Every structure is written in structure tokens, then in C-alpha cells.
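Summary of the model geometry
Each chain, letter by letter, is given below.
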Amino acid sequence: IAISGSAKKIDATLSSQSQYLLGQIDRGSYLSQTNYNFDGMTLGDAVNVSSYIETHSTNQDTVLTWNRWIIINFLSKRRSPVPVATIGMLHQFRETNDLSLSWMARLTRDLSCTPPKYIIQGTEKARLLSISPALDSQSKPAHPADTVLATIISNHYLPDRTIGGAQLWIFDPSRQPVCR
């Protein structure tokens, strides 16, 4: 039984790799099947978003990835508008922490003064924040960073498109934020 179970796990893990290496499936299909999923996005989604961003923005444009997909910035060759590598870092602390308060003030200022051309969220997080920016997926109070983002998106961004599990928001220059 143990051998049978192990064989099934190995087959499940290697079958898409084998199919890709044998030319039976393309790169996008292979990456979409990988079991590397954060915030509703697969690795294939990240590659597709990166390609879209690279062709629809300039090297000077910035892209905020509001999830753990910093690889999108790397693959699209676009900088993040904030010094925090991933927003998940902000989620480690709540607003009562001095470091978190400092980061939140910096995040608000950076996004207000130099808004990124694109903001990328997982579609589930985008859906939840559009329903209630004050609540997270477990109906608990949302992290203050999520509330800041929801406010900035609703005031200054338009939905651009959904690619796989990623929601892309594009900055609307007619709704220029006031730098604080």
C-alpha cells in the first residue's frame, strides 16, 4: 500500500514535467499545473502577467504586486514603487507595532506620491476587498495595509483585466492622488 501511494505521488508530481519535456504540453500549461499557488495565482499566471506588463508598460513604470509574487517584477523588468519586497512582510505585524506604523506611513506616502502604473492582486483578495475593505477572508478586521490599498484602488485605479488568478488594476491619470 505504501509503495502504491508513493508511486501515485511521484506520478502526480512528475507527469506534467514529463509531458512538458516530451513536448506534449506547452510551457504555460506546465506552469499552470504546478502546485505553487499563492493568493489564487499559479506560476503560469505570474509568467503571463509578467509578459502582459512588459508589453504594456515602459521601463520607467512601476508595478505593485500585492501578494507574494515579486517574481512578476523580476520577469517583467519593472520596479516596485515601495521598498518592501513583499506586502506579506507588512502582514507580520499589526498597527500597534512601531515598525509596522512606520512602514504603513511610508506605503501610503509612496503610493500617493508616485502611484504605480499597475497594481496586481490575487482575484480572491481583490473580490473580498471590493466587497468590504474592512474585512478579510475570515470576516476579521482586515490588515491596515489591505485597507490602505483598497482605498487607493477605489480612488485612483480602474480594473484593467484578469489574467488567470490575477486581477490587474491600471492607474487612471485623471484621478491623480494628492501627495501627502
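Structural data are supplied above this passage.
Presented here is an overview of the structure given in this document. Because the structure is a prediction, the values reported are computed rather than measured.

The rules behind the values
- Residues numbered from 1 in each chain as written.
- Predicted model: local features only at pLDDT ≥ 70, side-chain atom pairs only at ≥ 80, totals over all residues.
- Heavy atoms only, no water.
- Core = buried A, V, L, I, M, F, W, Y, C linked by side-chain atoms within 4.5 Å.
- Buried < 20%, exposed > 50% of the residue type's maximum accessible area, 1.4 Å probe, protein only.
- Helix = DSSP H or I, 4+ residues; strand = E, 2+ residues; numbered from the N terminus.
- Polar contact = N/O pair within 3.5 Å; in protein donor to acceptor, adjacent residues only side chain to side chain.
- Contact = heavy atoms within 4.5 Å.
- Patch = residues over 30% accessible without salt bridge, like charges linked within 9 Å, V, L, I, M, F, W, Y side chains within 5 Å.
- Areas by Shrake-Rupley, 256 points an atom, 1.4 Å probe, with all protein chains shown as cover.
- Salt bridge = Lys/Arg side-chain N within 4 Å of Asp/Glu carboxyl O.

1. Side note on the nonpolar core
Core analysis: the largest hydrophobic core is formed by 15 residues, its most contacted members being Leu-64, Leu-107, Ile-119 and Tyr-157. Going through the elements one at a time, helix H5 (98–113), helix H7 (144–156) and strand E4 (166–171) are the ones with two or more residues in this core. With five residues, the single largest contributor to this core is H7. Listed in part, the 13 residues of the second largest apolar core include Val-49, Ile-72, Tyr-118 and Ile-120.

2. Looking at the side chain of Asn-73
By the secondary structure assignment, Asn-73 is in helix H4 (residues 71–76). Using a relative accessible area of 7% as the deciding quantity, one classes Asn-73 as buried. In terms of polar contacts, Asn-73 uses its side chain to reach the side chain of Thr-65, at 3.2 Å. Once residues within four sequence positions are removed from consideration, Asn-73 is found in contact with Val-63, Thr-65, Arg-78, Arg-79 and Ser-80.

3. A short note on a nonpolar patch on the surface
On the surface, Ile-71, Phe-74 and Leu-75 cluster together into a nonpolar patch covering about 290 Å² of accessible area. One can find Phe-74 in helix H4. Taking the relative accessible area as the measure of exposure, Phe-74 reaches 66% and is therefore exposed.

4. Considering the pattern of salt bridges
Counted by the stated rule, this structure contains five salt bridges. Its salt-bridge partner being Asp-110, residue Arg-106 comes within 2.9 Å of it at the nearest N-O pair. Here Asp-110 and Arg-106 lie together in helix H5, a separation of four residues that amounts to about one turn. On the basis of relative accessibility, which here comes to 37%, the residue Arg-106 falls in the partly exposed class. Residue classification places Asp-110 among the buried residues on the basis of a relative accessible area of 11%.

Read these as geometric descriptors, not functional statements.
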